[in-house]
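What follows is each chain in one-letter form.
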Amino acid sequence: MRIAIVGAGLSGLATAFYLKRARPDVELVIFEANPVAGGTLHTEEVQGFRFEAGGNGFLTNKPDCLQLVQDSGAESLLLPSSELARKRYIYTGELHRMPESPGLFAKSKLMTLPQKLRMLGEFLVPARRDGEDESLRQFGDRRLGPAFTRVFLDAMSAGIYGSTPDKLSVRAAFPLVVALERDHGGLFRGMIAKRRKGAGPGGVLTSTRGGIGTFIRHLETAIPAEWRYGEAVQSVARAGRGFRLHTSRGPTEVDRVAVCSTSYAAAQMVQGLDAELGHRLSGIEYSPIAVVGFGYRSLGHPLDGFGLLTTTAARQPVLGVLWDSSIFPDRAPAGCKSVRAMIGGQRNPGLVNQDEAGLIRTARVGIRNTMGIDQDPDVTYVKRWDRGIPSYAPGHIAKVDAIFARLEKIPGLYLNCNAYRGIAMNDCARNSRELAERMAR
């Protein structure tokens, strides 16, 4: 059997790896429009500094990426984040340490005493049982109060999704939080119950030595396949009981197809096969993100933490700043330091449209305002993603359910990427493994 994997980001690579592992007899053809695999997971080295184009690792509180690393024989590459990464900050007009315990939260100036008391009143808020989708803002205001939403949930939305609380579905973006209310009647009750069972959130941010791109290259070598780099799939059509892929280099016929590209690329590919499916796929929006990295040969700032996130109310041109060389020391040469600023998102999408010089200026303003650093960087790195992070807007789950219900009418065609059911690396690894198991059966 000949199977095409379209897209060699993490979802495509993991699907191919597990499919070939379960069915060595399958002939895989992997199409990747770019000259290299990895999608947004790409590490670029600039004068000894290593900058990530997208995500910089995965959390170990879920087993899926660790399992993929172990199954592919890459354990020796693992690199846990440093102890400094446990310390995080929020900028609201001034820099605050993110409270990591009830005691530190009580002393924190991120919220006033009445606001903290309102948050503690979450114990008294009745659980919502109707199952209706809410925005993260509606959920946060209802359970914890508007002040908590404006500070903590606003910053978290920017850091994870490049979005804002009113533009995120709480059920789609934070299903574990919704489960706490559903199963335990409230967030605090649920966290207490999990702590008693020894099942706290935990998890250590983990990457691989030399950057996350090292793992991508390793995974490539672990997949026996016919690789078609730089060959974009333009459309997928029926060919008897199989499919014909029309690419930039001509047609290819296969028995089955797993489209692991972005949802908007998938929409174009399947438009001629099923216009309704293509229309629904094109309805998933993405947040634009620009990544600007700075390397310093000498910097007085201690960078003693993971980095900072800003709130909307702070009116800063950056969503946050990651202190890369403190999180993973091998991201900068010995004695040097590096940071990455995130720009745009749903908060300020127009900022992403600037040219490279404009993005560098914007990042420097954000870093100066939030961290007090006005020093010229020795090295710069810029990566723009016009459609960088899938936007799990209210109604996202219903939208995705409709897509996959439509997909069932086309046997042999599969969809898999971070636009559907989880954006994190762990989600991609889990969804890909499960898809490969279904395809193998």
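Residues numbered from 1 in each chain as written. Predicted model: local features only at pLDDT ≥ 70, side-chain atom pairs only at ≥ 80, totals over all residues. Heavy atoms only, no water.

Visitor: Explain the pairing of strand β15 (residues 286-296) to me, please; I cannot follow it from the model alone.
Guide: In regular strands, side chains alternate between the two faces of the sheet. The buried count for β15 comes to 11 of 11 residues, which makes it a mostly enclosed element. Alternating positions in β15 separate into two faces, Tyr286, Pro288, Ala290, Val292, Phe294 and Tyr296 on one and Ser287, Ile289, Val291, Gly293 and Gly295 on the other, with burial throughout. The sheet contact formed by β15 and strand β19 (residues 379-390) spans 9 bridges and is antiparallel. Bridged to Tyr286 within β19 is Pro390. Taken together, the 8 bridges between β15 and strand β18 (residues 337-344) define a ladder with antiparallel strand orientation. In the strand pairing of β18, Gly295 is matched with Ser338. (Buried < 20%, exposed > 50% of the residue type's maximum accessible area, 1.4 Å probe, protein only. Helix = DSSP H or I, 4+ residues; strand = E, 2+ residues; numbered from the N terminus. Pairing = 2+ DSSP bridges.)

Visitor: How should the packing of helix α1 (residues 10-22) against helix α10 (residues 212-221) be read in this particular structure?
Guide: Each pair of packed helices can be described by the angle between their axes along with the distance between the axes. One can describe the packing of α1 onto α10 by two numbers: an axis separation of 10 Å at closest approach and a directional angle of 35 degrees. Considering the relative orientation of α1 and α10, their crossing is left-handed. In this structure, α1 contributes Leu10, Leu13, Ala14 and Phe17 to the contact, and α10 contributes Phe215, Ile216, Leu219 and Glu220. Tallied by class, the residues present in the contact of α1 with α10 amount to 7 nonpolar, no polar and 1 charged. (Axes fitted to C-alpha atoms, helices over the stretch in contact; angles between N-to-C directions. Left-handed = near helix turned anticlockwise from the far one by under 90°. Contact = heavy atoms within 4.5 Å. Nonpolar A, V, L, I, M, F, W, Y, C, P; charged D, E, K, R; others polar.)

Visitor: I keep staring at the sheet that holds strand β11 (residues 233-239) and nothing clicks. Help me out?
Guide: Strand pairing in a sheet relies on backbone hydrogen bonds. The paired strands run either parallel or antiparallel. An order of β11-β12-β13 is seen for the 3 strands of this open sheet, with the pairing classed as antiparallel. Because the sheet does not close on itself, it has two edges, and the strands there are β11 and β13 (250-254). Going from strand to strand, the sheet's axes swing by 25 degrees on average, the running direction of each strand aside.

Keep in mind these numbers describe shape, not what the thing actually does.
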